[in-house]
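# Residue-level structure breakdown
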Amino acid sequence: MNARLKTLLILAASLCVCLLAALAYAYILQLHGWYHGAPEEGIARYAGVRQEDVRLRVTQQEEGYLYTIWENTATGEVSMTFLVRQKRLGRSYLRPKGAASLSANGAVFEIYQTGEGGDGIQKSLIIVACDNRSGVLDRCELTYTQRGANGTARDRTETVSVTGPFLLRAQWLPGDVYCAGVAIDRQGAVAARYGTWTEPARLSG
């Protein structure tokens, strides 16, 4: 066997090994819920609905994450789902990670919370979502409670205006953070609440 043929065989074998490794890795990603495709595809699987019934209404993107409020066009129900994004093998993969239903009377307020870290929570994800298709909501008043390692807690408040049919606001905050709040209608009354909301705990932030 001449040297040129031997080199070609080695290159072909190496390419086959790389291709098989890539296929195996892609299969492993799929086993762990990752997929290459449109956000609607993962949302449909996660929610157990038909992909053609998923209509994205509002989205917020950042590196590594996609947040969305979407409507099930078959039922009119509205939900919030967020997906994790990563690039592997030159392709972008998504995986749904959390969801919350916003369906009720058209004035629904929801906060989704999760934390990431090692032994202690190093950062907290707070997603505030409102269904304001009825147009009755004016604002959301939120209280963030930062839990310290020594058991102490520090509060700050924030007011977020609701200007459109939907509100979607996702943010990562450092440490272990708990968020509670209320949605206020245009008459100044509480339309919906989430978590334990205590008026005396409200501080200007």
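Residues numbered from 1 in each chain as written. Predicted model: local features only at pLDDT ≥ 70, side-chain atom pairs only at ≥ 80, totals over all residues. Heavy atoms only, no water.

### Quick word on the confidence of the model for the chain
Quick reminder of the rule: Along the chain, pLDDT gives the predictor's confidence residue by residue, from 0 to 100. Contacts between residues were defined by any pair of non-hydrogen atoms, one from each residue, lying within 4.5 Å.
Model confidence for the chain is summarised by a mean pLDDT of 81, while 75% of its residues fall at 70 or above. Ignoring residues within four places in sequence, the model shows residues 197-205, a span with pLDDT below 50, making 17 contacts including any to other chains.

### Brief notes about the sheet that holds strand β6 (residues 121-131)
Whenever strands of a sheet pair, they do so through backbone hydrogen bonds, lying parallel or antiparallel. The test is simple: A pair of strands is treated as paired once DSSP finds two or more bridges between them. Numbering goes from the N terminus for both helices and strands, where a helix is a DSSP run of H or I of at least four residues and a strand is a run of E of at least two. Geometry is summarised by axes, namely lines fitted to C-alpha atoms with helices restricted to the contacting stretch, and by angles between N-to-C directions that run from 0 to 180 degrees.
With antiparallel pairing, three strands are arranged side by side in an open sheet as β5-β6-β9. In this open sheet, the two edge strands, each paired with only one partner strand, are β5 (108-117) and β9 (166-174). Direction aside, neighbouring strands of the sheet carry axes that sit 10° apart on average.

### Thoughts on the packing of aromatic side chains
Stated formally: Note on aromatic pairs: the rings of Phe, Tyr and Trp (six-membered ring only in Trp) are paired at centre separations within 6.5 Å, and the planes decide the class, stacked below 30 degrees, edge-to-face beyond 60, tilted for the rest. Each residue is assigned to one of three classes by its accessible area relative to the maximum for its type, calculated with a 1.4 Å probe on protein chains only: buried under 20%, partly exposed between the two thresholds, exposed over 50%.
Taken as a whole and assessed by the stated rule, the structure comprises five aromatic pairs. Consider the rings of Y65 and Y67, whose centres lie 6.1 Å apart with planes at 10°: the pair is stacked. Look at Y65 and you get buried, because its relative accessible area is 11%. Consider the rings of Y65 and W172, whose centres lie 5.3 Å apart with planes at 50°: the pair is tilted.

### Describing the side chain of T145
As a reminder, the rule being used: Within 3.5 Å is the distance limit for a polar contact, defined as a pair of N or O atoms, with the added protein rule that one can donate a hydrogen and the other accept it, and that residues adjacent in sequence qualify only through two side-chain atoms.
As for its position among the elements, T145 is in strand β7 (residues 137-147). Owing to a relative accessible area of 17%, T145 belongs among the buried residues under this scheme. In terms of polar contacts, T145 uses its side chain to reach the side chain of D155, at 2.8 Å. Excluding residues within four positions of it along the chain, T145 makes contact with A153, R154, D155, D176, V177 and Y178.

### Here's the deal with the sheet that holds strand β2 (residues 65-72)
Pairing is antiparallel across the open sheet formed by four strands, whose spatial order is β1-β2-β3-β4. Two strands in the sheet have a free side with no partner beyond their single neighbour: β1 (54-62) and β4 (91-101). Neighbour to neighbour, the strand axes of the sheet diverge by 25° on average, direction disregarded. As defined by bridge partners, β1 adjoins β2 across eight bridges and the pair is classed as antiparallel.

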